[in-house]
Amino acid sequence: MAGIALVTGAGRGIGAGIARRLAADGFDLALVDLTPDGVEAVAEELRSTGRRAAAFTADVSDRDAVFGVVSSCVEELGGLDVMVNNAGVALVGPVSDVTPEELRRLFSVNVDGVLWGIQAAAASFIDRGVRGKIVNASSIAGHEGFAMLGAYSATKFAVRAFTQAAAKEYATHGITVNAYCPGVVGTDMWVEIDQRFADLTGAAVGETYEKFVGGIALGRAQTPEDVAAFVSHLAGPDSDYMTGQAVLIDGGLVYR
Ligand SMILES: NC(=O)c1ccc[n+]([C@@H]2O[C@H](COP(=O)([O-])OP(=O)(O)OC[C@H]3O[C@@H](n4cnc5c(N)ncnc54)[C@H](O)[C@@H]3O)[C@@H](O)[C@H]2O)c1
């Protein structure tokens with residue numbers, strides 16, 4: 001039955017992986033990112049497989065922009081059934097050094113951006129009488145505060161809070177709200193995290209990533225496809241009776 005899905009941060013990494021998987025599941029896609037190049041390329045790739053795909057440029061920290069892309073998605077693709085609030089950024093540094101500007105910027109993308117996505121999607125679902133699904137990006141860092149990743153962890157705990165509260169508030173409309181919590185996924189985000197650890201702690205480049213991957217029970221780093229397989233479940237009918245959950249999908253790293 002599929003439908004139409006919007007994925008933020010879809011220009012690369014996990015978001016691009018989710019877009020590809022949902023397209024393979026039969027969804028048409030609206031792809032959103034800060035800059036056009038990545039989303040245009042992914043949209044073109046999906047169109048070549050026979051799916052409809054539209055690319056949009058927007059900053060998820062801008063509430064009006066998020067409501068704008070949801071409206072554009074409904075206009076251009078004819079609806080919206082699944083909203084994936086995937087866009088996020090990292091910040092590496094000790095708790096003692098986090099500045100007000102860094103904290104605000106981080107929260108504006110990882111928390112405000114998810115909240116605007118929840119609001120815009122839910123308003124659109126209710127307006128059109130759609131029993132839609134909202135899927136948010138949390139993290140292992142949303143279940144455990146990691147050293148040097150304290151501010152980032154705080155944003156991902158906040159995503160769980162909004163996921164739970166929104167699930168309770170929108171349940172009467174038949175809207176579900178869940179989150180995925182990946183572990184160590186080998187994307188550009190981890191290249192940046194690893195480099196920053198190297199700059200701050202003197203670790204060799206690659207060492208921090210290897211250390212984190214070494215703690216994974218299943219013995220390998222996670223791929224965007226591993227994450228996308230679970231998002232596929234959250235976006236599809238098999239998760240209809242599930243809401244308010246933030247599920248760890250990390251190869252065995254954080255246990256709750
Ligand atoms: N990589 C991991 O190990 C990991 C683990 C757990 C959770 N996550 C979360 O998964 C999500 C995706 O991570 P990733 O590894 O693919 O990251 P990434 O940095 O590789 O890709 C993120 C994408 O989001 C876009 N983006 C950033 N800020 C944006 C904004 N303000 N508006 C619109 N788009 C924006 C970027 O341009 C980029 O294309 C993030 O929320 C991240 O916190 C990642």
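For the structure itself, consult the block above.
This one's a predicted model, so the numbers in the text were calculated from it and none came from an experiment.

Enquirer: Help me understand the site of the ligand in this model?
Expert: By nearness alone, 27 residues border the ligand, and R12, D33, N86, Y152 and T187 come closest of all. Residue Y152 places a side-chain N or O atom 2.6 Å away from an oxygen atom belonging to the ligand. Within the complex, 95% of the 830 Å² of free accessible area of the ligand lies under protein. The site holding the ligand turns out to be the largest pocket. Residue assignment for the shell around the ligand shows that the elements contributing at least two residues are helix 1 (13-24), helix 5 (150-170) and helix 6 (188-201). When residues in the shell around the ligand are grouped by element, the largest group, three residues, is from helix 6.

Enquirer: How do you make sense of the layout of surface pockets when you look at a structure like this?
Expert: Remark: the empty space left among the atoms is shown by a probe the size of a water molecule rolled over them. Roughly 900 Å³ of internal volume is contained in the largest pocket. In terms of lining residues, the largest pocket is bounded by 44 residues, among which N86, A87, G88, V89 and M189 are the most central. Elements that contribute at least two residues to the lining of the largest pocket include exactly helix 1, strand 2 (28-33), helix 4 (100-128), helix 5, strand 6 (176-182) and helix 6. Top contributing element to the lining of the largest pocket by residue count: helix 6, with five residues. Looking at side-chain class alone, the lining of the largest pocket contains 24 nonpolar, 13 polar and seven charged residues.

Enquirer: I would appreciate a short explanation of the side chain of T208 in the present structure.
Expert: In this fold, T208 is placed in helix 7 (residues 207-214). The residues contacting T208, other than those within four sequence positions of it, are W190, D194, F197 and A203.

Enquirer: Sorry if this is basic, but what is going on with the nonpolar core here?
Expert: A general tendency of soluble globular proteins is for nonpolar side chains to be buried together. In this structure, L6, C73, L80, M83, F125, I134 and I175 are the most contacted members of the largest nonpolar core, which totals 33 residues. Looking at this core, the elements with two or more residues in it are strand 1 (4-8), strand 2, strand 3 (53-57), helix 3 (63-77), helix 4 and helix 5. Here this core gets nine residues from one element, more than from any other, and that element is helix 4. Apart from residues no more than four positions distant in its own chain, M83 is found in contact with L6, V66, V70, G117, A121, F125, K133, I134 and V135. Judged by nonpolar contacts, the second largest core, of 30 residues, contains V82, V84, V185 and A228.

Parameters at a glance
- Residues numbered from 1 in each chain as written.
- Predicted model: local features only at pLDDT ≥ 70, side-chain atom pairs only at ≥ 80, totals over all residues.
- Heavy atoms only, no water.
- Near = heavy atom within 4 Å.
- Polar contact = N/O pair within 3.5 Å; in protein donor to acceptor, adjacent residues only side chain to side chain.
- Areas by Shrake-Rupley, 256 points an atom, 1.4 Å probe, with all protein chains shown as cover.
- 1 Å grid on protein atoms, 1.4 Å probe; cavity = no way out; pocket = protein on both sides within 12 Å on 5 of 7 lines; lining within 4 Å.
- Sits in = over half its atoms within 2 Å of the grid points.
- Helix = DSSP H or I, 4+ residues; strand = E, 2+ residues; numbered from the N terminus.
- Points joined across faces, edges and corners; volume = space filled by probe spheres on them.
- Nonpolar A, V, L, I, M, F, W, Y, C, P; charged D, E, K, R; others polar.
- Contact = heavy atoms within 4.5 Å.
- Core = buried A, V, L, I, M, F, W, Y, C linked by side-chain atoms within 4.5 Å.
- Buried < 20%, exposed > 50% of the residue type's maximum accessible area, 1.4 Å probe, protein only.

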